[in-house]
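Structural overview
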Amino acid sequence: MIWTAGFRTAVINPYDQFQLSEPRGFADQTVRQVLHLAGGGEAFRVRLTNRYGRTPLTIAAATVVAGQRQVALTFGGAEQCVVPAGEETLSDPVDLPVAAGTDLVLSLYLPERTGLATYSHRPAEVASMVDGNHLTTPVSSRATQIEGRFYISGVDVLAPPNTAIAVAFGDSWFEGVGTTTSANRRSVDFLNRRLRRGWVVNQGIAGNRLLRDGVGEHALARFDRDVLSIPAATHVLVHFGINDLVLPGMLGEPLPTAAALIEGFTALAGRAHAAGLKIIGGTIGAFAGAPISTPEGLAVRREVNDWIRTTGAFDGFFDVARAVANPQAPDHIHPAFDSGDGMHLNDRGAKAMADAVNLDDLVL
């Protein structure tokens, strides 16, 4: 048996200059979050993070509901833990089998003022927040619903050996912007439903870029933390480029050249191969329907996509661009797949993206 990631979330610095949602903290509150497991195993453990906190994080108690059972998490045998600023902590293993697709309900009681919380935007998910210690009580109608996920970096599961574990490393097209909230209809969710052996862990961050920081550190900077740190990872799927090509016009930055993006993708491929991972590149999705698109950015997209389809740098590719494009206007998302903003996929589009992946590329 091996410990590997059944769930991961790429966390965002709440002090970054570009915010996807209103940053917040907590005090004498319980935060309840649903964690949808990509894979299952004979036991699990929870990873808590205070990576971007500026003060120690006190967790007075934590519980997990799995199926009909509620269990108290412990940390080195104790129910309370303090996570130092900038660090993470791992719960003791819970000897309870969980299956792929299981929803764990994690409740954290935060008794002290936390300051701004380390979080993941997760636009397709919400957390519930109630005042006081409500670890063992149902969520009431008075609970506040908040978008995002807080203080969670992952759940590890004890899985059989020779399990293929892929990491979906990219932007909002993996994270799930545009899909139905709390319905698990992201492209990665649909891909996991197709797999029979192994699973894919979602490390997408909406707004993230390949070459420059902004919403989270750029891909080359976060690769080690968000890909190489995944236990027993064997593959990485990559989808970047849209934000590199649309954000510069909003921020007064120069547009990256196709050569610069190609160099960045090549660097990712080299680092994946050096770590023994297979890397599968995704062509840059369509975004011409978005008001912030430009003819120059679309031209760079077409050039980079031609390279992705023909390069030997990757071990394979999945043609997102063609899978979701409007045949009459290939720089646009097909109307049936458009979430409504011209730049993100709805549920049907997310499934089309997942269906573009060749499952043979994800076997050991």
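Below you will find a few notes about this structure. Predicted, not measured: the structure shown is a model, and the values here were computed from it.

1. Details of the sheet that holds strand β17 (residues 235–239)
Across the sheet, which stays open at both edges, the 5 strands sit in the order β16-β15-β17-β18-β19 with parallel pairing between neighbours. On the outer flanks of this sheet lie β16 (199–204) and β19 (316–318), each paired with one strand and no other. For this sheet, the mean angle separating the axes of adjacent strands, direction not counted, is 25 degrees. Here 5 bridges tie strand β15 (residues 165–170) to β17, and the two strands are oriented parallel to one another. Looking across to β17, one finds that Gly170 is bridged to His239.

2. Here's the deal with the sheet that holds strand β6 (residues 69–72)
Whenever strands of a sheet pair, they do so through backbone hydrogen bonds, lying parallel or antiparallel. With respect to topology, 6 strands assemble into an open sheet ordered β6-β5-β9-β2-β11-β12, the strand pairing being antiparallel. Every interior strand has two partners, whereas the edge strands, β6 and β12 (144–147), have only one. Recorded for the sheet is a direction-independent mean angle of 25 degrees between the axes of neighbouring strands. Strand direction decides the pairing type here: strand β2 (residues 29–36) and strand β11 (residues 126–131), joined by 4 bridges, are antiparallel.

3. Comments concerning the pairing of β11
In the sheet, β11 pairs with β12 via 4 bridges, with the strands oriented antiparallel. The residue bridging Ser128 from the neighbouring strand is Gln145, located in β12.

4. Re the packing of aromatic side chains
Under the counting rule described, the total for this entry stands at 9 aromatic pairs. Ring centres of Phe265 and Trp307 lie 6.5 Å apart, and the angle between their planes is 25 degrees; this geometry places the pair in the stacked category. Placement of Phe265 in helix α5 (residues 258–274) and of Trp307 in helix α6 (residues 295–310) is noted, with a sequence separation of 42 residues between them. The residues Phe265 and Trp307 share a single accessibility class, namely buried. Between the aromatic rings of Phe265 and Phe314, the centroid separation amounts to 6.3 Å while the plane-to-plane angle is 80 degrees, which identifies the pairing as edge-to-face. Residue Phe265 is found in helix α5, and its partner Phe314 is found in the loop between α6 and β19; the two are separated by 49 residues along the sequence. Here the aromatic residues Phe26, Tyr119, Phe150 and Tyr151 are joined through ring pairs into a cluster of three or more. Taking the ring centre of Trp3 as reference, the NZ or CZ of Arg45 above it sits at 4.2 Å.

5. Details of unusual backbone geometry
Backbone geometry places Asp28, a non-glycine residue, at a positive phi of 50 degrees. Mapped onto the secondary structure, Asp28 falls in the loop between β1 (2–8) and β2. Located in the positive-phi region is Asn184, a residue other than glycine, with phi close to 55 degrees. Residue placement: Asn184 occurs in the loop between α1 (172–175) and α2 (187–194). Its relative accessible area of 12% is what places Asn184 among the buried residues.

6. Regarding a nonpolar patch on the surface
Together, Met250, Leu251 and Ile292 line one region of the surface with nonpolar side chains, adding up to about 240 Å² of accessible area. Tracing the sequence through the fold places Met250 in helix α4 (residues 242–251).

Definitions and cut-offs
Residues numbered from 1 in each chain as written. Predicted model: local features only at pLDDT ≥ 70, side-chain atom pairs only at ≥ 80, totals over all residues. Heavy atoms only, no water. Pairing = 2+ DSSP bridges. Helix = DSSP H or I, 4+ residues; strand = E, 2+ residues; numbered from the N terminus. Axes fitted to C-alpha atoms, helices over the stretch in contact; angles between N-to-C directions. Phe/Tyr/Trp six-rings, centres within 6.5 Å; stacked < 30°, edge-to-face > 60°. Buried < 20%, exposed > 50% of the residue type's maximum accessible area, 1.4 Å probe, protein only. Lys NZ or Arg CZ within 6 Å of the ring centre and 35° of its normal. Patch = residues over 30% accessible without salt bridge, like charges linked within 9 Å, V, L, I, M, F, W, Y side chains within 5 Å. Areas by Shrake-Rupley, 256 points an atom, 1.4 Å probe, with all protein chains shown as cover. Salt bridge = Lys/Arg side-chain N within 4 Å of Asp/Glu carboxyl O.

Everything listed is a geometric property; what it means functionally is a separate question.
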